[in-house]
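Listed below are the residues making up each chain.
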Amino acid sequence: MAAAAARWLLLRASAPAPALNPVDGFKAPSSIPTSPIATSLHVRAAAPRSSARRLRTPPLRCTSPSSNGSTEPTLAVLLEVEGVLADVYRFGSRQAFNVAFQNLGLDCANWTEPIYADLVRLVFQLFNLAGIIDLNVLSSICSISWLIFYFRKASGDEERMVVLFFDRIGWPTSLPTSEKGSFTKSVLREKLKALEKLSSTDALPLRPGVEKFVDDALSEAVPVAILATYGRNGEKISRSIAEKLGPRRTSKIKIVGKEEVERSFYGQLVLGEGVASSLDEQLTKEAQKAASAEKQRVAEEVASLLKLSVDISTASKRSEKIIATLRAGSEYVGRDVQNCILVTGSQPSVIAAERIGMPCIVLRSSLTARAEFHSAKAVMDGFGDTDLTISKLLSKRWS
């Protein structure tokens, strides 16, 4: 299929093709009005000229200009959920952790806003500086036992926060040292259950101004998609938060989850089993490997002082998932990636958008209040006249 798909794209680029029938067994998403991937994705493959043949195109629908001659905006908006639609970190995660502590009988554990903010700050500082800071400085910030867990076992920010907290106040006396990892994971499971319940209540509100922002976009005929695939807390919670916009709005926008990504043209052509990625993406992955090797070298220097073995990969699966979701989102709103504005609240999304040439605007949340986003078009504090509005996007006034 990979070779056939490659030949099809090469032939389309070289000469106009007559009307063709859909490919047997290939299903394209019926709700996609147009597919920029079909014209912007370049797949190169070597094939004998004599074996070249036309591959029948998938049934993709295209938009047509309106009969009254009016033109719709070429812009589209892709909205993330966590940190953008709602400040999940401030109004959801902290409260969910406290519910988890109660459910596990940990009466001594209670995260107030100052404690939670301090844990977030410290974890992010260590994450950004662990590869270059001196061991003595690290030791002055936290204990060696926490650093060992950080490098060797902890796989996520919230897991590191739990470890750091109990390393400070003391672990349960009945808990063997060898079971700290399983204990931490049980806390995270209880936290996720609590957050799922919390996300459907008024205790976790939408950010001020987001409803008007969506209304203004729809009134200006600007397509809107909500990206629910790669949130830290899972698609179920992201969809639950998106539903707070109300059925009148959600019926007019596209919510892009895992299933929508898999059904997208990009998902079928590039992410499908046995289908080769484009040359540009292969080169990008090679560059990522080189960056990973350098970061690995620096991390090993720090880890050698702790007598640890570390394995760092900058080309994470999450990054690839974000890119796939961004490309699928651009398909569903019927715009090229360059004409989609990603409204995000996280650094990984900013990096992914930059990789594929999608402009992005960052909305700060309690998690990223002091973070720097150098490659973003703008960094704003929220929705509203003094911050992010549809009129600013349409006139490309980023700040």
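As shown above, the structure is provided for reference.
Residues numbered from 1 in each chain as written. Predicted model: local features only at pLDDT ≥ 70, side-chain atom pairs only at ≥ 80, totals over all residues. Heavy atoms only, no water.

Draft legend 1. Spatial organisation of the overall build of the protein chain. A tally of helices and strands in the protein chain yields 17 helices and six strands. Taking all contacts inside the protein chain whose residues are at least 6 apart in sequence as the whole, residues at least 24 apart take part in 72%. Carbon and sulfur atoms make up 52% of the accessible area of the protein chain, which totals about 20400 Å². (Helix = DSSP H or I, 4+ residues; strand = E, 2+ residues; numbered from the N terminus. Contact = heavy atoms within 4.5 Å. Areas by Shrake-Rupley, 256 points an atom, 1.4 Å probe, with all protein chains shown as cover.)

Draft legend 2. Local environment of empty space enclosed by the protein. All told, the structure shown has two cavities of 30 Å³ or more when counted by the stated rule. In this structure, the largest cavity occupies an estimated 120 Å³ of space. Surrounding the largest cavity, Glu80, Val81, Glu82, Tyr89, Leu227, Tyr230, Gly231, Arg232, Arg318, Ser346, Ser349 and Leu367 form its lining. (1 Å grid on protein atoms, 1.4 Å probe; cavity = no way out; pocket = protein on both sides within 12 Å on 5 of 7 lines; lining within 4 Å. Points joined across faces, edges and corners; volume = space filled by probe spheres on them.)

Draft legend 3. Region of interest: helix α15 (residues 317–333). For α15, which comprises 17 residues, the first-to-last C-alpha distance of 25 Å matches the rise-based estimate of 24 Å (1.5 Å per residue) to within 8%. Across the 17 residues that make up α15, a large majority, 13, are buried. Note on α15: the residue one or two positions beyond its end, Gly334, has a positive phi of about 75 degrees. (Expected span 1.5 Å × (residues − 1). Buried < 20%, exposed > 50% of the residue type's maximum accessible area, 1.4 Å probe, protein only.)

Draft legend 4. Region of the structure containing the packing of helix α3 (residues 88–103) against helix α8 (residues 180–198). Following both chains from N to C, one finds α3 and α8 inclined at 125 degrees, their axes separated by 8 Å at the closest point. Taken as axis vectors, α3 and α8 run oblique relative to one another. For the crossing formed where α3 meets α8, the hand is right-handed. Along its contact with α3, which presents Val88, Phe91, Gly92, Ser93, Gln95, Ala96, Phe97, Val99, Ala100, Phe101 and Asn103, the element α8 presents Val187, Leu188, Glu190, Lys191, Ala194, Leu195 and Leu198. Here the residues of the contact of α3 with α8 are counted per class, giving 12 nonpolar, four polar and two charged. (Axes fitted to C-alpha atoms, helices over the stretch in contact; angles between N-to-C directions. Parallel < 35°, antiparallel > 145°, perpendicular 65-115°, else oblique. Left-handed = near helix turned anticlockwise from the far one by under 90°. Nonpolar A, V, L, I, M, F, W, Y, C, P; charged D, E, K, R; others polar.)

Draft legend 5. View of the nonpolar core. If you look at the biggest cluster of nonpolar residues, it comprises 38 residues, and the most contacted ones within it are Leu79, Leu85, Ile241, Leu388 and Leu393. Of the residues forming this core, the biggest block, four residues, is contributed by helix α9 (residues 210–219). Setting aside chain neighbours within four positions, we find Leu79 in contact with Val84, Leu85, Phe213, Val214, Val224, Ala225, Ile226, Leu227 and Val343. Formed by 30 residues, the second largest nonpolar core is a distinct cluster that contains Tyr230, Ala328, Val333 and Val362. (Core = buried A, V, L, I, M, F, W, Y, C linked by side-chain atoms within 4.5 Å.)

Draft legend 6. Structural detail: α9. What α9 keeps buried is the set Val210, Phe213, Val214 and Ala217. Buried residues of α9 fall within an arc of 95 degrees about the axis and therefore sit on the same side. Exposed residues on α9 whose side chains face more than 90 degrees from its buried face are Lys212 and Ser219. Against β1 (76–80), β2 (224–227), α11 (247–250) and α17 (390–394) lie the buried residues of α9. (Arc of directions from axis to C-beta.)

Draft legend 7. The arrangement of the pairing of β1 in detail. The buried fraction of β1 amounts to five of the five residues, a majority that puts the element mostly inside the structure. Of the two faces of β1, the one holding Ala76, Leu78 and Glu80 and the one holding Val77 and Leu79 are both buried throughout. The pairing of β1 with strand β4 (residues 340–344) spans four bridges and is classified as parallel. Directly across from Val77, in β4, lies its bridge partner Ile341. Sheet analysis places β1 next to β2, joined by four bridges and oriented parallel. Its bridge partner being in β2, Val77 is matched across the sheet by Val224. (Pairing = 2+ DSSP bridges.)

Draft legend 8. Summary view of the packing of aromatic side chains. Taken as a whole, this structure holds 12 aromatic pairs when the rule is applied. An angle of 15 degrees between the planes, with centres 6.2 Å apart, marks the rings of Phe101 and Phe165 as stacked. Of the two residues, Phe101 sits in helix α3 while Phe165 sits in helix α7 (residues 157–169), which places them 64 residues apart along the sequence. This pair shows no difference in class: Phe101 is buried, exactly as Phe165 is. Centroid distance Phe165 to Phe166: 5.2 Å. Interplanar angle 80 degrees. Geometry classified as edge-to-face. In this structure, Phe165 and Phe166 share a single accessibility class: buried. (Phe/Tyr/Trp six-rings, centres within 6.5 Å; stacked < 30°, edge-to-face > 60°.)

Draft legend 9. Spatial organisation of the sheet that holds strand β6 (residues 378–380). Ordered in space as β3-β2-β1-β4-β5-β6, the six strands form an open sheet in which the pairing is parallel. Looking at the sheet topology across the chains shown, the edges are occupied by β3 (254–256) and β6. In this sheet, neighbouring strand axes are inclined to one another by 25 degrees on average, regardless of whether the strands run parallel or antiparallel. Bridge count for β2 against β3 is three bridges, and the pairing is parallel. By the bridge assignment for β3, Ile226 is matched with Ile255.

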